[in-house]
Amino acid sequence: MSTPVATVQQSTVHFSVPPGRLRLARILLIIATVSAFGAAVAQIQVVFDAGGATKVVETWRLYGFVVFAGLFALLAVRPLGNLTVWLLVIMNKLALTVTGLAYQAHGGIAETGPIITWDGGLTVLLLAAFAVSRLGARPSAG
């Protein structure tokens, strides 16, 4: 007895964005990619220097930097690609920024300055890249 196989027809919507806006979005995303990759490279020594109490957390951070470098690169290649990836990276950076601000307001919590600076900067950069590449994009025939 054979099992019926369902097929799903995927519809692809193509968007039209002025080339200059797409180029600007790619440049911003390349900056984000280089930033995350640079953070990953810098984190390698931190992992080697970490003691037993922080080794796992520092390794986890290193892998996170690599994953985000990959996600930013993916968006740079296809800025009109997966909206979900856009939302995930923007929400992550925004959540880290807001958390950093809340921790700083609380006081006595280390490393809030770099979180606010780097993740806040990436939030602004990602929102700008998203705006120039996605907002106002019009579906086109294709």
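Everything below is about the structure printed above this text.
Not measured: the values here are computed from a predicted model.

A. Highlighting the pattern of salt bridges. Taken as a whole, this structure holds two salt bridges when the rule is applied. Linking E58 and R61 is a salt bridge whose minimum nitrogen-to-oxygen distance equals 3.6 Å. Of this pair, E58 and R61 both sit in helix 2 (residues 55-77), separated by three residues, roughly a single helical turn. Across the pair K93 and D119 runs a salt bridge, and its minimum N-O distance is 3.2 Å. Of the two residues, K93 is situated in helix 3 (residues 83-106) and D119 in helix 4 (residues 112-134); the sequence distance between them amounts to 26 residues. You'll find K93 and D119 in the same group, each marked buried.

B. Geometry of the layout of surface pockets. Considered as a void within the structure, the largest pocket measures approximately 790 Å³ in volume. Along the lines of polarity and charge, the residues of the lining of the largest pocket split into 14 nonpolar, seven polar and four charged.

C. How the structure looks around a nonpolar patch on the surface. A surface patch of nonpolar side chains, about 420 Å² in accessible area, is lined by F37, V41, I44 and F48. Along the chain, F37 turns up in helix 1 (residues 19-49).

D. Fine view of helix 4. Its 23 residues place the ends of helix 4 31 Å apart at the C-alpha level, agreeing with the 33 Å of an ideal helix rising 1.5 Å per residue. Of the residues trailing helix 4, G136 is marked for its positive phi of about 85°.

E. Fine view of the packing of aromatic side chains. Within the structure shown, the criterion is met by two aromatic pairs. Their ring planes at 70° and their centres at 5.3 Å tell us that W86 and F130 sit as a pair that is edge-to-face. Placement of the pair is W86 in helix 3 and F130 in helix 4, with a sequence separation of 44 residues. A cation sits over an aromatic face here: K93 above F68, 4.2 Å from the ring centre.

F. Spatial organisation of the nonpolar core. Membership of the largest hydrophobic core comes to 20 residues, with the highest contact counts inside it found for L29, F72, W86 and V89. For this core, the secondary-structure elements that each account for two or more residues are helix 1, helix 2, helix 3 and helix 4. In terms of residue count, the dominant contributor to this core is helix 4 (six residues). Beyond its immediate sequence surroundings of up to four residues, F72 is in contact with L29, A32, T33, A36, V89, K93, L122 and L126.

G. Focus on the packing of helix 1 against helix 4. Running from amino to carboxyl end, helix 1 crosses helix 4 at an angle of 155°, the nearest separation of the two axes being 8 Å. Judged by the inter-axis angle, helix 1 sits roughly antiparallel to helix 4. When the axes of helix 1 and helix 4 are compared, the crossing they make is left-handed. Along the contact surface, helix 1 presents R21, L22, L24, A25, L28, L29, I31, A32 and S35, while helix 4 presents W118, L122, L125, L126, A128, A129, A131, V132 and S133. Here the residues of the contact of helix 1 with helix 4 sort into 15 nonpolar, two polar and one charged.

Conventions we followed
Residues numbered from 1 in each chain as written. Predicted model: local features only at pLDDT ≥ 70, side-chain atom pairs only at ≥ 80, totals over all residues. Heavy atoms only, no water. Salt bridge = Lys/Arg side-chain N within 4 Å of Asp/Glu carboxyl O. Helix = DSSP H or I, 4+ residues; strand = E, 2+ residues; numbered from the N terminus. Buried < 20%, exposed > 50% of the residue type's maximum accessible area, 1.4 Å probe, protein only. 1 Å grid on protein atoms, 1.4 Å probe; cavity = no way out; pocket = protein on both sides within 12 Å on 5 of 7 lines; lining within 4 Å. Points joined across faces, edges and corners; volume = space filled by probe spheres on them. Nonpolar A, V, L, I, M, F, W, Y, C, P; charged D, E, K, R; others polar. Patch = residues over 30% accessible without salt bridge, like charges linked within 9 Å, V, L, I, M, F, W, Y side chains within 5 Å. Areas by Shrake-Rupley, 256 points an atom, 1.4 Å probe, with all protein chains shown as cover. Expected span 1.5 Å × (residues − 1). Phe/Tyr/Trp six-rings, centres within 6.5 Å; stacked < 30°, edge-to-face > 60°. Lys NZ or Arg CZ within 6 Å of the ring centre and 35° of its normal. Core = buried A, V, L, I, M, F, W, Y, C linked by side-chain atoms within 4.5 Å. Contact = heavy atoms within 4.5 Å. Axes fitted to C-alpha atoms, helices over the stretch in contact; angles between N-to-C directions. Parallel < 35°, antiparallel > 145°, perpendicular 65-115°, else oblique. Left-handed = near helix turned anticlockwise from the far one by under 90°.

Geometry only, nothing functional implied.
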